[in-house]
Amino acid sequence: MIRTLVTRAGLVLAGAVTATLALAAPAAAHGADAPDGTDYRTEVTAVTPARAGLTARAVEAGARLELTNTGDRPVEVIGYSGEPYLRVGPDGVYENRRSPATYLNRTLAGDTRIPAEADPAAPPDWRQVDGSTTVRWHDQRALWRESAPPPQVRAAPDREHRVRDWVVPLRADGEALEIRGTLDWVPPPDAYTWWVAATLGLLAVGALGLLPAGSTPGGRALAVLGGLLVAGGVAGVAYSVGRELDAGADGIGGLLLGLLGGQVWPLLTGLGAIAAGAYALARRPAADFAVALAGACLALFAGVANAAVFARSVAPVPWSATTARILVVATLITGAGALAAGALRLHSASRSPRPEPRTPTPSPS
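This one's a predicted model, so the numbers in the text were calculated from it and none came from an experiment.

### Some remarks on the overall build of the protein chain
What the protein chain contains, in helices and strands, is nine helices and 10 strands. Out of the 365 residues belonging to the protein chain, those deemed buried represent 43%. Summed over its atoms, the accessible surface of the protein chain is roughly 18400 Å², and 60% of this surface lies on carbon and sulfur atoms.

Printed below as a string of structure tokens:
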């Protein structure tokens, strides 16, 4: 029985990993290249001159700029050679197919091949790409794209530095406008501290599996594991929601679409951990197996997958980076700890002596 459950768990995990790898390439090809974290903080400070209905902000940990125009006149974003690049307004979002920025900004690295028909001096060739009043794009003017940090950062990497003030020009009804912002270096945290905290925490949670499964303390330990797994699942779901909010998800519908499109595995494993934790709290049959499997998935897809935030100062969530790290470390502790505890309980149950069958007492003749 135990061997069959472990085999099934392995097949489920292998299938999940395969599906994740299969979905990763199409997602990246469609521009879903938001970083897991960065040490460069991009902020929008103003849109000048102020215009009713026109707002801008940085999203995806600064990887993209977002411009919203709810006014009655379109606004153009100007490309790197002074040409019209994007247009956003009441009739939707349009991109100029003649602008080199249309192709350069499709990836964070800016390595897209520019076709021969791209000519910043040519008249614009507008193509509608969205029906909303909000546009998001990578902009090299607001990013640090070099592999090596700036000279001032190399000289004092443990201090915060202003890398540059940046400007993205706009145009509306012949009037020149600007998105103004800043790019700063923020020293990264000590990742070792967070990994030590995660390791100590998961060992403490895993130790609950040492209590005999069939005893009263063992039953209480299962309830504690269930509660911890629910908490870890909530932390995993919260981090996934935060990533989509930081990516600019608008409304419940936009949030759900973003989660299903870019955060489906962390979301599903978080929800699965909540369900498995509730299952354990109810003391259902095979609860140990459910706890171990849900813990493994939670640790892998919602914990390890987001662990880059331990070594980055800017996290892709709308909260502080410290809050993001706490959520990820809680996910790792509860997930890996539940896996260890569940496996220990399964192993203990498999080694427990089975009761001998009772010999029927012969009836008196």
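What follows picks up the thread again.
### A few points about the pattern of salt bridges
The full count for this structure, using the stated rule, is 20 salt bridges. The residue D184 makes a salt bridge to R41 at a minimum N-O spacing of 3.6 Å. You can see D184 sitting in strand β10 (residues 175-185) and its partner R41 sitting in strand β1 (residues 40-48), a full 143 residues away along the chain. Overall, R41 belongs to the partly exposed group, its relative accessible area being 24%. Residue R127 pairs with E95 through a salt bridge whose shortest N-O separation is 2.0 Å. Of this pair, R127 sits in strand β7 (residues 126-130) while E95 sits in strand β6 (residues 92-96), and the two are 32 residues apart along the sequence.

### Observations regarding the packing of helix α5 (residues 216-246) against helix α6 (residues 251-262)
Closest axis-to-axis distance for the α5/α6 pair is 9 Å, and the angle between their directions is 110°. Relative to α6, the element α5 lies roughly perpendicular. Both α5 and α6 take part in a crossing whose hand is right-handed. Two secondary-structure elements touch here, α5 through S240, V241, E244 and L245 and α6 through L255, G258, L259 and G262.

What counts and what doesn't
Residues numbered from 1 in each chain as written. Predicted model: local features only at pLDDT ≥ 70, side-chain atom pairs only at ≥ 80, totals over all residues. Heavy atoms only, no water. Helix = DSSP H or I, 4+ residues; strand = E, 2+ residues; numbered from the N terminus. Buried < 20%, exposed > 50% of the residue type's maximum accessible area, 1.4 Å probe, protein only. Areas by Shrake-Rupley, 256 points an atom, 1.4 Å probe, with all protein chains shown as cover. Salt bridge = Lys/Arg side-chain N within 4 Å of Asp/Glu carboxyl O. Axes fitted to C-alpha atoms, helices over the stretch in contact; angles between N-to-C directions. Parallel < 35°, antiparallel > 145°, perpendicular 65-115°, else oblique. Left-handed = near helix turned anticlockwise from the far one by under 90°. Contact = heavy atoms within 4.5 Å.

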